[in-house]
Amino acid sequence: MASISKYTLKRFPLYLEYIKRIDIKKRSYVSSKQIAMALGFGEVQVRKDLALLSCVGRPKVGYDIVELKNALTKALICK
């Protein structure tokens, strides 16, 4: 995992809390745009932050919610 700034690390718990609220029975992917709009961040910032994780989003689809949740949890535990 690449070096992660303290500012990015402060945003990770917000991303994690947001995706924990998503009902994965209804949908299994979330886009950076959806995350950005829900949390009041820029879409580019969200993509840059999530690019530091091992989880990769798919264009026009988004990020697998389970993978993203696991990657965020791992990043927060390791730091």
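Look above for the structure.
How each quantity is defined
Residues numbered from 1 in each chain as written. Predicted model: local features only at pLDDT ≥ 70, side-chain atom pairs only at ≥ 80, totals over all residues. Heavy atoms only, no water. Helix = DSSP H or I, 4+ residues; strand = E, 2+ residues; numbered from the N terminus. Rg over C-alpha atoms; globule rule 2.2 N^0.38 Å. Buried < 20%, exposed > 50% of the residue type's maximum accessible area, 1.4 Å probe, protein only. Contact = heavy atoms within 4.5 Å. Areas by Shrake-Rupley, 256 points an atom, 1.4 Å probe, with all protein chains shown as cover. Axes fitted to C-alpha atoms, helices over the stretch in contact; angles between N-to-C directions. Left-handed = near helix turned anticlockwise from the far one by under 90°. Nonpolar A, V, L, I, M, F, W, Y, C, P; charged D, E, K, R; others polar. Polar contact = N/O pair within 3.5 Å; in protein donor to acceptor, adjacent residues only side chain to side chain.

This paragraph deals with the overall build of the protein. Helices and strands together make up the secondary structure of the protein, namely 4 helices and 2 strands. If you list the helices and strands of the protein from N to C, you get α-β-α-α-β-α. For the protein, the C-alpha radius of gyration of 11 Å lies close to 12 Å, the compact-globule estimate for 79 residues. Taken over the C-alpha atoms alone, the protein extends approximately 35 × 25 × 20 Å along its principal axes. Taken across its 79 residues, the protein has 35% of its residues classed as buried. When contacts within the protein are restricted to residue pairs at least 6 apart in sequence, those whose partners lie at least 24 apart make up 61%. For the protein, the exposed surface amounts to about 5200 Å²; the carbon and sulfur share of it is 55%.

This brings us to the environment of Y63. On the secondary structure map, Y63 appears in strand β2 (residues 63–64). Spatially, the C-alpha atom of Y63 lies 8.3 Å from that of S28, the residues being 35 residues apart in sequence. Leaving out residues up to four positions away in the same chain, Y63 has contacts with S28, Y29, V30, S32, R47, L50, C55, V56, G57 and L68.

Attention now moves to the environment of C55. As for its position among the elements, C55 is in the loop between α3 (43–51) and β2. Sequence separation between C55 and Y15 is 40 residues; the distance between their C-alpha atoms is 13 Å. What C55 contacts, discounting residues up to four positions off in sequence, is L50, Y63, D64, E67, L68 and A71.

A few words now on the packing of helix α1 (residues 6–20) against helix α4 (residues 65–78). Two numbers describe how α1 lies on α4: the axes approach to 10 Å, and their chain directions differ by 145°. The interaxial crossing formed by α1 with α4 has left-handed handedness. Taken together, the residues of α4 that come into contact with α1 (itself represented by L9, F12, P13, Y15, L16, I19 and K20) are I65, L68, K69, L72, T73, A75 and L76. Per-class residue counts for the contact of α1 with α4 are 11 nonpolar, 1 polar and 2 charged.

Secondary-structure assignment places D49 in helix α3. Of the polar contacts made by the side chain of D49, one reaches the side chain of T8; its length is 3.3 Å. Here the side chain of D49 touches R11 through a polar contact of 2.6 Å, side chain to side chain. Residues contacting D49, with those up to four places away along its chain left out, are T8, R11, F12 and Y15.

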